[in-house]
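Examination of the molecular architecture
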Amino acid sequence: MAQGGLVRVAGAHDALGSTLAWQAGFQAVWASSFEISASRCLPDASVLTMTEYLAAATNMQKAVGIPVVADVDTGYGNNLNVAHMVREYEAGRITAVCIEDKVYPKVNSFAATSHDLLPVSDFARRIGTAKAAQRGEDFYVIARTEALINGLGVEEALKRCYAYAEAGADAVLIHSKKKDQQEIVEFLDGWDGRLPVVVVPTTYPQWSAAEAEKHGASVVIYANQGLRATVQALRETFRTICQDGTSLGVEDVIAPVSDIFALQKLDEWLALEA
C-alpha cells in the first residue's frame, strides 16, 4: 500500500491456492470465509469457528511470500472475541483482517436472506477494540460495510465508513451485489480519500482493475473466482474419467505430476537428507 498503485488480491482457501495466486502475480491473498467454508461443503454462515478459519489462513501465510488478508466475518462474537481474534491472527503472522458490520451470525452477502447491520456506534467501537488489541504497528484492520448489500444506499455507506475511519480503521471495504459498478463509483466519487478503499467486483466483473484505480480504489479483491474455477475443472475432469473409464482424455489438459512436485518443493525437502 505504501508503494502506491493498485493492489490486486486473489481469494483462496488453502496453501496450494495461495501459492498459485502468488505465482500468477497477485500481490496479496484473501483468506475467503466463503471459500474456506465451501471447501468443507458448509455454508458461509458463521458455521465454522475462529480456530478453523485461523488454521486455514495461517497455512496459507506459511506457504507464500505475500500478505494474507483474512476475512474474519463479524469478528466471531462480541468485542472481547474481536480482541482475542486480533491477537491470535497477529500471532499467526497474518498481515490484515477484514471485519464486516453485519449482526452475528452473518450469512454470505449474495445469499437471498436478510443482512441486518450493527448500529454505527457499535461497529465503530468494534474497530476501536481491534486496533487497541494489536501489538505491532504493521497489523492492518479493514472495516467492511454491508450498507449497499442491505439496500441502505451510498449515503449510508459513506456515513458508516467515515465513522469507521474515525474509530481507527486502516482501510474501508465497500461491497455491492449490483450487476454494474455504478453505486461503487458513486461511493468512490463521494469518498474524501482519508483512507484506502477496497472493492470486490464479483457481481460486476466487467469493471477492470484499471477503471477501479482510476476512480480511486486502492485494492481490488477477486474473492472467489479461483474456487469457482476449481469446481468447474474438477467436475469436468471427474465426469470425463468416469464416463470414459480412463484418464487419457484429460491427461493433456491437467497438470503433470512433476508440476505438483514443484509446488510441494520436493527437491528442497529431499535435499535435507542428502
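Below you will find a few notes about this structure. Note that the structure is predicted; figures quoted are calculated from it, not measured.

Criteria and thresholds
Counting restarts for each chain, with residues numbered from 1 along the sequence as it is written. Reporting in this predicted model follows two pLDDT cut-offs: at least 70 for local features of residues, and 80 or more for side-chain atom pairs to be given and counted; totals over whole chains, interfaces and linings ignore these cut-offs and use all residues. Each side-chain value is derived from all of the structure's non-hydrogen atoms; neither hydrogens nor water enter the calculation. For helices the rule is a DSSP run of H or I covering at least 4 residues; for strands it is a run of E covering at least 2, with both sets numbered from the N terminus onward. Working definition: with a 1.4 Å probe on protein chains only, accessible area under 20% of the residue-type maximum means buried, over 50% means exposed, and in between means partly exposed. Note on definitions: a residue-residue contact is assigned when non-hydrogen atoms from the two residues lie within 4.5 Å. Nine residue types can take part in a nonpolar core, namely buried Ala, Val, Leu, Ile, Met, Phe, Trp, Tyr and Cys, and a core is a set of them joined through side-chain atoms within 4.5 Å. Strands are labelled as partners when DSSP assigns at least two bridges between them. Here a crossover is taken to be right-handed if, once the strands point away from the viewer, the path from the first strand over the helix to the second is traced clockwise. Only protein atoms enter the 1 Å grid used here. Points where a 1.4 Å probe fits but cannot escape make up a cavity, open sets with protein on both sides within 12 Å along at least five of seven lines make up a pocket, and a residue lines them when an atom lies within 4 Å of a point. Grid points are joined across faces, edges and corners, and a volume is the space filled by probe spheres set on the points. Under the grouping applied here, Gly and all other residues not named as nonpolar or charged are polar, the nonpolar ones being Ala, Val, Leu, Ile, Met, Phe, Trp, Tyr, Cys and Pro and the charged ones Asp, Glu, Lys and Arg. In this description, a line fitted to the C-alpha atoms serves as the axis of each element, helices being fitted only across the stretch in contact, and the angle between N-to-C directions of two axes falls anywhere from 0 to 180 degrees. Less than a right angle of anticlockwise turn of the near helix away from the far helix marks a crossing as left-handed, whereas a clockwise turn marks it as right-handed. Multiplying 1.5 Å by the residue count of a helix minus one yields the expected span of that helix. The arc in question is the one spanned by the directions pointing from the helix axis to the C-beta atoms.

**Some points on the environment of Gly 190**
- Structurally, Gly 190 is set in helix H7 (residues 182-190).
- For Gly 190, a relative accessible area of 36% corresponds to the partly exposed category.
- Through-space distance from the C-alpha of Gly 190 to that of Leu 158 is 7.5 Å; in sequence the pair is 32 residues apart.
- Dropping the residues within four chain positions of it, Gly 190 is found in contact with Leu 158 and Tyr 162.

**Side note on the nonpolar core**
- The biggest cluster of nonpolar side chains holds 64 residues, and the ones touching the most others in it are Met 85, Tyr 89, Phe 187 and Val 199.
- When neighbours within four sequence positions are excluded, Val 199 is seen to be in contact with Ile 174, Ile 184, Tyr 204, Trp 207, Ala 212, Ala 217, Val 219, Val 220 and Ile 221.
- Listed in part, the 15 residues of the second largest apolar core include Trp 30, Ile 142, Val 200 and Ala 223.

**Comments concerning the pairing of strand S8 (residues 219-222)**
- One ladder, built from four bridges, connects strand S1 (residues 7-12) with S8; its direction is parallel. The partner of Ala 10 across the bridge, within S8, is Tyr 222.
- Handedness of the strand S7 (residues 197-199)-helix H8 (residues 209-214)-S8 crossover: right-handed.

**Digging into the layout of surface pockets**
- By volume, the largest pocket is sized at about 610 Å³.
- Contributing to the lining of the largest pocket are 27 residues, with Leu 16, Gly 17, Leu 20, Gly 226 and Thr 230 lying nearest its centre.
- Elements with a contribution of two residues or more to the lining of the largest pocket: S1, helix H1 (15-24), helix H9 (225-244) and helix H10 (257-263).
- Split by residue class, the lining of the largest pocket holds 17 nonpolar, seven polar and three charged.
- In this model, the second largest pocket occupies a volume close to 430 Å³.
- Only S1, strand S5 (140-145) and S8 provide two or more residues apiece to the lining of the second largest pocket.
- Tallied by class, residues from the lining of the second largest pocket come to 15 nonpolar, five polar and one charged.

**A word on the sheet that holds S1**
- Judged by pairing direction, the barrel is parallel, and its eight strands sit side by side in the order S1-S2-S3-S4-S5-S6-S7-S8 before closing back on the first. When strand polarity is set aside, the average angle formed by the axes of neighbouring strands in this sheet is 25°.
- As paired strands, S5 and strand S6 (residues 171-174) are joined by four bridges and run parallel to one another. From the neighbouring strand, Thr 145 faces S6, where its bridge partner is Ile 174.

**Focus: the packing of helix H4 (residues 79-91) against helix H5 (residues 120-133)**
- As a packed pair, H4 and H5 sit with axes 8 Å apart at the nearest point and diverge in direction by 35°. Handedness of the crossing formed by H4 with H5: right-handed. Of the residues in H5, those touching H4 at Asn 79, Val 82, Ala 83, Val 86 and Arg 87 are Arg 125, Arg 126, Thr 129, Ala 130 and Ala 133.

**Quick word on H4**
- The end-to-end C-alpha separation of H4 is 18 Å, in line with the 18 Å expected for 13 residues at 1.5 Å each.
- Within the span of H4, buried status applies to Val 82, Ala 83, Met 85, Val 86, Tyr 89 and Glu 90. For H4, the buried positions fall inside an angular range of 160° around the axis, keeping them on one side. In H4, those exposed residues whose orientation departs by more than 90 degrees from the buried face are Leu 80 and Ala 91.

**Description of unusual backbone geometry**
- Going from Tyr 104 to Pro 105, the amide bond is cis rather than trans, its omega being -5°.
- Summarising the element assignment, Pro 105 is placed in the loop between strand S4 (96-100) and H5.
- For Tyr 76, which is not glycine, the phi torsion reads 70° and is therefore positive.
- Residue position: Tyr 76 is located in the loop between strand S3 (68-71) and H4.
- In this structure, Lys 265 is a non-glycine residue whose phi angle is positive, near 55°.
- Considering the arrangement of structural elements, one finds Lys 265 in the loop between H10 and helix H11 (266-271).

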